[in-house]
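Analysis of the macromolecular model
As a plain string of letters, each chain reads:
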Amino acid sequence: MAVVLQVGGLASENVRWAEVVKDFKHQQSTLCGDVLLITAFVSYLGYFTKKYRQDLLDGMWKPYLHQLKVPIPVTPSLDPLTMLTDDADVAAWQNEGLPADRMSTENATILTNCERWPLMVDPQLQGIKWIKNKYGEDLRVIQIGQKGYLDMMERALAAGELVLIENMDESVDPVLGPLLGRETIKKGRYIKIGDRECEYNPAFRLILHTKLANPHFQPELQAQCTLINFTVTRDGLEDQLLAAVVSMERPDLEELKSDLTKQQNGFKITLKTLEDNLLSRLSSASGNFLGDTALVENLEITKQTAAEIEEKVQESKVTEAKINEAREHYRPAAARASLLYFTMNDLHAIHPMYQFSLKAFRIVFQKAMERASPDENLKVRVLNLIDSITFSVFQYTTRGLFECDKLTYTAQVTFQILLMSKEINAVELDFLLRYPAQTRVTSPVDFLSNYSWGGIKALSSMEEFRNLDRDIEGSAKRWKKFVESECPEKEKFPQEWKNKSALQRLCIMRAIRPDRMTYAVRDFVEEKLGSKYVVGRSLDFATSFEESGPATPMFFILSPGVDPLKDVEKQGKKLGYTFNNRNFHNVSLGQGQEVVAEQALDLAAKEGHWVILQNIHLVAKWLSSLEKKLEQHSESSHQDFRVFISAEPAPSLDSHIIPQGILENSIKITNEAPTGMHANLHKALDNFTQDTLEMCTRENEFKSILFALCYFHAVVAERRKFGPQGWNRSYPFNTGDLTISVNVLYNYLEASSKVPYDDLRYLFGEIMYGGHITDDWDRRLCKTYLEEFIKPEMLEGELFLAPGFPLPGSMDYNGYHQYIDDTLPPESPYLYGLHPNAEIGFLTQTSEKLFRIVLEMQPRDSSVGEGGVVTREETVKALLDEMLEKLIDEFNIAELMAKVEERTPYVVVAFQECERMNVLTSEIKRSLKELDLGLKGELTMTSDMENLQNALFLDMVPESWIKKAYPSTASLGMWFADLLTRIKELETWTADFSLPSAVWLSGFFNPQSFLTAIMQSTARKNEWPLDKMTLQCDVTKKNREDFASPPREGAYVHGLFMEGARWDAQAGIITDARLKELTPAMPVIFIKAIPADKQDIRSVYPCPVYKTRQRGPTYVWTFNLKTREDPSKWVLAGVALMLQI
């Protein structure tokens, strides 16, 4: 019997073993290839993202090994992870806090298997969290530059400990060079650190870590370390969040899954012990082993177990498939959350204050899932989850954004959601954001500008918009009515264009009415996501406060004229935290207050008090200590401990100093002053009371001037929104200016018998408000407002502060507020003395900015080539080749000089211009050629090359070119076309150095030099002193084509545009602009030099000339233009001449 059993037992094992032996034989042949691939995987793939890892492994390396002359065999379905780790390891890592996605598992595998020191690139700090949990007490954590870090390093080296260097910069302290390169001396027993020889224990290990998102390390560092990319990607985060959703929604599934893993690991171990046991018995059995009953039983058990395990493995495969299928139902929610996190994370590109951490995001995500309304139907439940997550993240993000950035963020979220669900076409979105209008086209209809028509022509070349240009020309009447309606975004499009998709309608609108785009985008968001995403209700403070905690401070981003801390005090009072109760500490930071703040924080963390830290932007050096302090108190402090921080945003990226750690962990809240004349006028008046109105003995004069001052204050503050046409530079006018002015007014009225209008205007305009002003033209504007608002006529009831808004007579305090509500006309540029076109200009610029930022925020996946959108590299390469081809050789200055007999002032100007043009074109050629080599892979990409590539892709003029060029606001395409025209103009002029019949003033780097040359040549000719001369400009009635030769003296110039008004050529004076004509062209201007005492300054408006619509620093000259109306009208309207638009 035993014999039968035994033979039967061995027979079944024989089948199994025979298969295993066959596998081993096959493995023997592929072993070398497999090991080669796995070592390459560990050595090279760590720095790449998921997609590139797959491409390299499956798309390049395996085929390469296969096509060699002598192919190296590899296992076709080789997964490096199975060779290097097993499920038990992975499960252990995940218990230690390693995220549950494939990418993280690969990273951990590389980190535990690599020979070189691992360097983790870990901006979201997920990797370091895992490392700290994994190694716990055995880990020595060091930051480069901390006190005594080299001594700690030396001790760890000798003791053979594990060291983690965290938060490294791009450059590493050279002292650590030998350690990173493991340059051992004395037979590998010592390493030199600085000038000391330190004992080296072979058990020593080092892990390096940086939280920079896109670091550029030195090549030698990349050779010494194994770089591992722990950056969370959209897919990776989606997998992690999916695990989180499922563990909340279906805890049973997650449990089942982990049980399965444990069970299978158990099986493998059991089978292995049984097999080992059997083999050892067989090998040690002597003589006739058929009689060995124990062996027979062992065989039986092995056979049964193997059969059972086989059965269970099959079962678990089915179960696992079911689990995965059930989990997939929740994927849309995880995918949406991942998309929202990355959109939110990109906001720091708009403003460095907008920093958000993944940790904080996960809390919001968790709460949103708890809030979602339950439903029996799984599909509906998932939709509820998606809705709740989207709205919660939206609210969390927008309360920390400035008003002007909210729509940008909402639009980006909407576009990304629609792209993900494939509801919109990427090519159309690209057109909307980029607006690649055709240049040099002339509009055939009077209601569209050439720029608009260029957009229509570009659209018409796309399939969906074929014949749009013909339709507009053919039904010009209907389109004109549509284009000129007040709110075209609310109207129906003419003909069958009204049936186009929402995005296609946006594309057409972008071409024909750019000024309405902010409204159109808002409507688009409302249509796609719902109205709750566009209503401007701000969250009340109490709601936001609920989300704060000892580890989550509240951070107020300050705006001028708003005090958010009142809310904190009010909330504190409600909950019993007040200054008198000694549990409410308010520290306003400045000199020497850091110590006070630190003591308050320590006490509050222990006792559970509240701390307000005001204006932390004033103590730049202390901020890193504050960051560490907050981190320290975020754990194990009293649960009622709260911190409230306030700081002003930095005016520019370079001056931003608030550490990322403070920003990303706090709840950010912005509070902004109200906008619009109505709100600002009420707010100005709110600084006073009935008592103020009655305090002066000369009540009528005091009240009238006080009201005029309030109006003046509201106007100068709110005029900012019109950009450079409002003020050349932005000034921080504040309520202090107004209240001090009223005190001065009271003192002066009390002290003198007559109202000293001149003195008052001087004090207000040059000192109180004028003290902020740094630009002479802005000073003139401020003075002009005061001359219009504060003058003797104000007491005779004949003064209008704005059209339709007379200065009120004597009233009481509430009466004035009522008067504003009843009489002030609706918001319009007229209230500021501006033309309605100013609003169109300001709205157009706002929408241009919106689209430019959204374009910059598009995910930079250079691999995305779907839907006919060309990849990033191809776009850049095509543009680069085209530019290099069109640029001609530089001007040969020596050759040109040889042609000239006499170096007149004009010739000198021509030479200067050629020299500057050479500097610019050589920089353009140098940088483009360098980038070309970088794209081909012949040079290492530097950050300069990356910036150039991004600029070319986003159609922006690169930074390095701007530095060597002239001011310009154009996009790259238009800028380059303009550059070629400038070069052509110079070529024509330098061909024989005779002055062109009409000079294109805008084509100069330095137009002032040409205008000065006009004075110099006249002065030399007539022997007049140069410093007693001035330029007189007469606007002709002709265009440049009408001139065949230059004038005998002076020059004809063309290429100027007027903003804020227009030139009436027939009457020869400035007159009101036509609606929607923002910058009408000027006729040719005849400029000649005359002695200063001969100039006629009666009824002229001294009009500033600027190079671009940025105004301010681009000032060139002042031209006196004739006017019949009072020049003050044009001052208030911000009328100026531009050389480029």
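Note that the structure is predicted; figures quoted are calculated from it, not measured.

Conventions adopted
- Residues numbered from 1 in each chain as written.
- Predicted model: local features only at pLDDT ≥ 70, side-chain atom pairs only at ≥ 80, totals over all residues.
- Heavy atoms only, no water.
- Helix = DSSP H or I, 4+ residues; strand = E, 2+ residues; numbered from the N terminus.
- Contact = heavy atoms within 4.5 Å.
- Areas by Shrake-Rupley, 256 points an atom, 1.4 Å probe, with all protein chains shown as cover.
- Lys, Arg positive; Asp, Glu negative; His and termini not counted.
- Charge placed at Lys NZ, Arg CZ, Asp CG, Glu CD.
- pLDDT = per-residue confidence, 0-100.
- Buried < 20%, exposed > 50% of the residue type's maximum accessible area, 1.4 Å probe, protein only.
- 1 Å grid on protein atoms, 1.4 Å probe; cavity = no way out; pocket = protein on both sides within 12 Å on 5 of 7 lines; lining within 4 Å.
- Points joined across faces, edges and corners; volume = space filled by probe spheres on them.
- Nonpolar A, V, L, I, M, F, W, Y, C, P; charged D, E, K, R; others polar.
- Salt bridge = Lys/Arg side-chain N within 4 Å of Asp/Glu carboxyl O.
- Core = buried A, V, L, I, M, F, W, Y, C linked by side-chain atoms within 4.5 Å.
- Pairing = 2+ DSSP bridges.
- Axes fitted to C-alpha atoms, helices over the stretch in contact; angles between N-to-C directions.
- Parallel < 35°, antiparallel > 145°, perpendicular 65-115°, else oblique.
- Left-handed = near helix turned anticlockwise from the far one by under 90°.

1. As for the overall build of the chain
What the chain contains, in helices and strands, is 43 helices and 25 strands. Dimensions along the principal axes, computed over C-alpha positions, put the chain at roughly 135 × 85 × 75 Å. Taking as baseline every contact in the chain between residues at least 6 positions apart, the subset at least 24 positions apart corresponds to 73%. As displayed, the chain has an accessible area near 55600 Å², and 51% of this comes from carbon and sulfur atoms. Where the 128 positive side-chain charges of the chain centre and where its 158 negative ones centre are 2 Å apart.

2. Re the confidence of the model for the chain
Reading predicted coordinates in detail is not appropriate for stretches of low pLDDT. Averaged over all residues, the pLDDT of the chain equals 88, while 97% of them reach at least 70. The element-level mean pLDDT for the chain is lowest in helix α11 (residues 251-284), coming to 77, with strand β25 (residues 1136-1138) highest at 96.

3. Here we look at helix α28 (residues 677-685)
For α28, every residue scored as buried is listed here: M677, N680, L681, H682, A684 and L685. Residues of α28 that are buried sit in contact with α30 (699-718), α31 (735-751), β15 (805-806) and α34 (813-823).

4. Some remarks on the layout of surface pockets
Over the atoms rolls a probe the size of a water molecule, and its path tells where empty space is left. What the second largest pocket holds in volume is close to 730 Å³. Taken together, 20 residues make up the lining of the second largest pocket; nearest its centre are R16, V20, D23, L271 and E275. Broken down by secondary-structure element, the contributors of at least two residues to the lining of the second largest pocket are α1 (2-44), α11 and α12 (293-328). Looking at the lining of the second largest pocket residue by residue, the classes come out as 10 nonpolar, 2 polar and 8 charged.

5. A short note on the pattern of salt bridges
Scanning all chains against the criterion turns up 53 salt bridges. The partner of E547 in a salt bridge is R399, with the nearest N and O atoms 3.2 Å apart. Residue E547 is found in the loop between α23 (541-546) and β9 (554-557), and its partner R399 is found in the loop between α15 (378-398) and α16 (403-420); the two are separated by 148 residues along the sequence. Assessed through its relative accessible area of 28%, E547 is described here as partly exposed. Linking E848 and R510 is a salt bridge whose minimum nitrogen-to-oxygen distance equals 3.1 Å.

6. A look at the nonpolar core
Core analysis: the largest hydrophobic core is formed by 252 residues, its most contacted members being Y711, W961, W975, F1010 and F1119. Aside from chain neighbours lying at most four places away, what touches F1119 is L1011, C1033, L1056, I1085, I1087, Y1101, P1102, C1103, V1105 and L1137. Ranked by size, the runner-up nonpolar core spans 30 residues in total, among them L45, W61, M120 and L162.

7. Observations regarding the sheet that holds strand β10 (residues 584-588)
Spatial strand order, β10-β11-β12-β9-β13: 5 strands in an open sheet with parallel pairing. What marks the edges here is a single partner per strand, and that holds for β10 and β13 (667-670). Each adjacent strand pair in this sheet contributes to an overall mean axis angle of 15°, direction not counted. As judged from the 4 bridges shared by β9 and β13, these two strands associate in the parallel manner. By the bridge assignment for β13, I557 is matched with T670. Helix α24 (residues 565-575) contacts β9, β10, β11 (610-614) and β12 (642-647) of the sheet and is inclined by roughly 170° relative to β11.

8. Quick notes on the sheet that holds strand β23 (residues 1100-1106)
The strand order across the open sheet formed by 4 strands is β19-β25-β23-β24, and the pairing between neighbours is mixed. Only two strands of the sheet have a single neighbouring strand rather than two, namely β19 (1057-1059) and β24 (1115-1122). Taking the axes of each pair of neighbouring strands and ignoring which way they run, one obtains an average angle of 35° across the sheet. Bridge count between β23 and β24: 7 bridges; the pairing is antiparallel.

9. Quick word on the packing of α28 against α30
For the pair α28 and α30, the least separation of the axes is 9 Å and the interaxial angle reads 135°. With respect to α30, the element α28 is oriented oblique. Considering only the axes of α28 and α30, their crossing is right-handed. Residues M677, N680, L681, A684 and L685 of α28 pack against L706, F707, C710, Y711, H713, A714, V715 and E718 of α30.

10. With respect to empty space enclosed by the protein
Taken as a whole, this structure holds 7 cavities of 30 Å³ or more when the rule is applied. Considering only enclosed or pocket space, the largest cavity measures out at about 130 Å³ in volume. Every residue lining the largest cavity is counted, 18 residues in all, and those nearest its centre are W777, D778, R1111, V1131 and G1134. At the level of secondary structure, the elements contributing two or more residues to the lining of the largest cavity comprise α33 (776-789), β23 and α43 (1127-1132). Per-element accounting of the lining of the largest cavity gives the leading share, 4 residues, to α33. Partitioned by chemical class, the residues of the lining of the largest cavity number 10 nonpolar, 4 polar and 4 charged. Here the second largest cavity is characterised by a volume of approximately 110 Å³. Looking at the second largest cavity, the residues that line it are E913, R982, E985, L986, W989, P996, V999, W1000, G1003 and F1004.

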